[in-house]
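Structural description and commentary
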Amino acid sequence: MDLRIFTEPQQGATYDTLLTVAKATEDLGFDAFFRSDHYLKMGSVDGLPGPTDAWITLAGLARETKRIKLGTLMTAGTFRLPGVLAIQVAQVDQMSGGRVELGLGAGWFEEEHKAYGIPFPKEKFGRLEEQLAIVTGLWATEPGKTFDFHGKFYDLTDSPALPKPAQSKVPVLIGGHGATRTPRLAARYADEFNIPFASIEDTERQFARVRAAAEEAGRGADALTYSNALVVCVGKDDAEVARRAAVIGREVDDLKANGLAGSPAEVVDKIGRYAEAGVQRVYLQFLDLHDLDHLELISAQVQAQLP
């Protein structure tokens, strides 16, 4: 079971704060540091000092870390043209020595688009499908050859399809709860399927859909890695769990029901139940970016007990 740290910097974080968390992620033996791709805070937080850009952040971290994977859950397809995104991700992959993974989604948070003047198209899923075809197609084009794509939303002619990532294939993550189109898209393009913030039962149900779609596509269900993203709140005792829950504005009972919360033993047990449902990797949504003691506890008493 891989444990990855997943952050939400739009809630209020500087690059320096993210760098501190990323270095702790590496030092404590976690597999990866991922971040959201949002420009507007959510909920009652003030969001100060303001947002950071996902791929600018990851470019910086690529040069200041050595081992951990770096990526997004999920890059919003509405924020970037696919040709530009392919260049950005390839460059950051080069900067990291081949440690980047691309989570790509359709985009959904309309308010942040309004706040920063970003177009919010009605038909987002069709655009996402073309974006995946373009980004992966550009990377797969042999050096010296060109790439063309003529779709409903995007048109590329005689693209040199450069630069290339350091990896021969950048892992692509696709996720969501959609029952039909999402599994088909994952079966075609994804190396990993992620279901965010889902119960064990919903996780098992959605994984079954994706596995069936992968078999139908001729890839085989085990060609994909299956993951979940869950909020984490671990404490040595009940008082510490309650304190950490209060800092992030959540109730302990809600966190235990819908996330990974409680004592290390409770969290290890729940991760085990997710593993039985097919989860191979968990993205721990780590919300209090200043609580590095929390990361140390998870590393020492949760991660260390997992197979």
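Further up the page is the structure itself.
Calculation notes
Every chain's residues receive numbers from 1 upward, in the order its sequence appears when written. Where local features are concerned, this predicted model is filtered to residues with pLDDT of at least 70; where side-chain atom pairs are given and counted, the filter is 80 or more; whole-chain, interface and lining totals use all residues. Excluded from the side-chain calculation are hydrogens and water; included are all heavy atoms of the structure. The rule is short: rings of Phe, Tyr and Trp, with Trp giving its six-membered ring, pair when the centres are within 6.5 Å, and they are stacked under 30 degrees, edge-to-face over 60, tilted in between. Starting at the N terminus, helices and strands are each numbered in turn, a helix being any DSSP run of H or I of at least four residues and a strand any DSSP run of E of at least two. Only protein chains enter the accessibility calculation, which uses a 1.4 Å probe. A residue is then buried if its area is under 20% of the maximum for its type, exposed if over 50%, and partly exposed in between. In what follows, salt bridge is the name for a side-chain nitrogen of Lys or Arg lying within 4 Å of a carboxyl oxygen of Asp or Glu. Every definition here rests on a 1 Å grid over the protein atoms only: cavities are sets of points where a 1.4 Å probe fits but cannot get out, pockets are open sets enclosed by protein on both sides within 12 Å along at least five of seven lines, and lining residues have some atom within 4 Å of a point. Grid points are joined across faces, edges and corners, and a volume is the space filled by probe spheres set on the points. Residue type decides the class: Asp, Glu, Lys and Arg count as charged, Ala, Val, Leu, Ile, Met, Phe, Trp, Tyr, Cys and Pro as nonpolar, and the leftover types, Gly among them, as polar. What makes two residues a contact is simply this: any of their non-hydrogen atoms within 4.5 Å. By the criterion applied in these results, polar contacts are pairs of N or O atoms within 3.5 Å in which, for protein atoms, one can donate a hydrogen and the other can accept it, and in which residues neighboring in sequence qualify only through two side-chain atoms. Here, the term nonpolar core denotes a set of buried Ala, Val, Leu, Ile, Met, Phe, Trp, Tyr and Cys residues that are joined through side-chain atoms within 4.5 Å. DSSP-based pairing: two strands are paired if at least 2 bridges between them are found.

All told, the structure shown has 6 aromatic pairs when counted by the stated rule. Judged by centre distance (5.1 Å) and plane angle (55°), the rings of F207 and Y226 are tilted. Here F207 is found in helix 7 (residues 200–216), whereas its partner Y226 is found in strand 10 (residues 225–234), with 19 residues between them in sequence. In this structure, F207 and Y226 share a single accessibility class: buried. In this structure an aromatic cluster arises from ring pairing among Y39, F79 and Y116.

Quick look at the pattern of salt bridges now. Tallied over the full model, the rule gives 19 salt bridges. Across the pair E240 and R243 runs a salt bridge whose closest N-O atoms are separated by 3.9 Å. With E240 and R243 both in helix 8 (residues 238–247), this residue pair falls 3 residues apart, about one helical turn. For E240, a relative accessible area of 13% gives the class buried. Residues R244 and D291 are paired through a salt bridge, measuring 2.5 Å at the closest nitrogen-oxygen approach.

For the coordinates displayed, the defined rule picks out 1 cavity of 30 Å³ or more. Size it by volume and the largest cavity reaches roughly 70 Å³. V232, C233, R244, V247, I248, Q285, F286, L287, D288, D291 and H294 are the residues that line the largest cavity. Looking at the lining of the largest cavity, the elements with two or more residues in it are strand 10 and helix 8. Class assignment for the residues of the lining of the largest cavity results in 6 nonpolar, 2 polar and 3 charged.

Below, the discussion takes up the environment of Y39. Counting through the fold element by element, Y39 comes out in the loop between strand 2 (32–35) and helix 2 (54–64). A relative accessible area of 17% means that Y39 is categorised as buried. Y39 sits 29 residues away from Q10 along the chain, and the two C-alpha atoms are 5.9 Å apart. Beyond its immediate stretch of four places on either side in the chain, Y39 contacts P51, T52, D53, F79, R80, E112, Y116 and I118. Polar contacts involving the side chain of Y39 include one to the side chain of R80, which spans 3.5 Å.

What follows is about the nonpolar core. One recurring pattern in soluble globular proteins: nonpolar side chains tend to sit buried together. With 76 residues, the main nonpolar core has W55 and L284 as its most contacted residues. Considering every element that reaches this core, the biggest residue donor is helix 5 (residues 125–140), with 7 residues. In this structure, A32, F34, L73 and Y283 belong to the second largest nonpolar core, which totals 7 residues.

Before going further, it helps to examine the pairing of strand 6 (residues 147–150). The side-chain alternation of strand 6 yields one buried face, formed by F147 and F149, and one unburied face, formed by D148 and H150. Looking at chain direction, strand 6 and strand 7 (residues 155–159) are connected through 3 bridges and run antiparallel. Bridge pairing links F149 to L156 in strand 7. What sits between strand 6 and strand 7 in their antiparallel hairpin is a turn of 4 residues.

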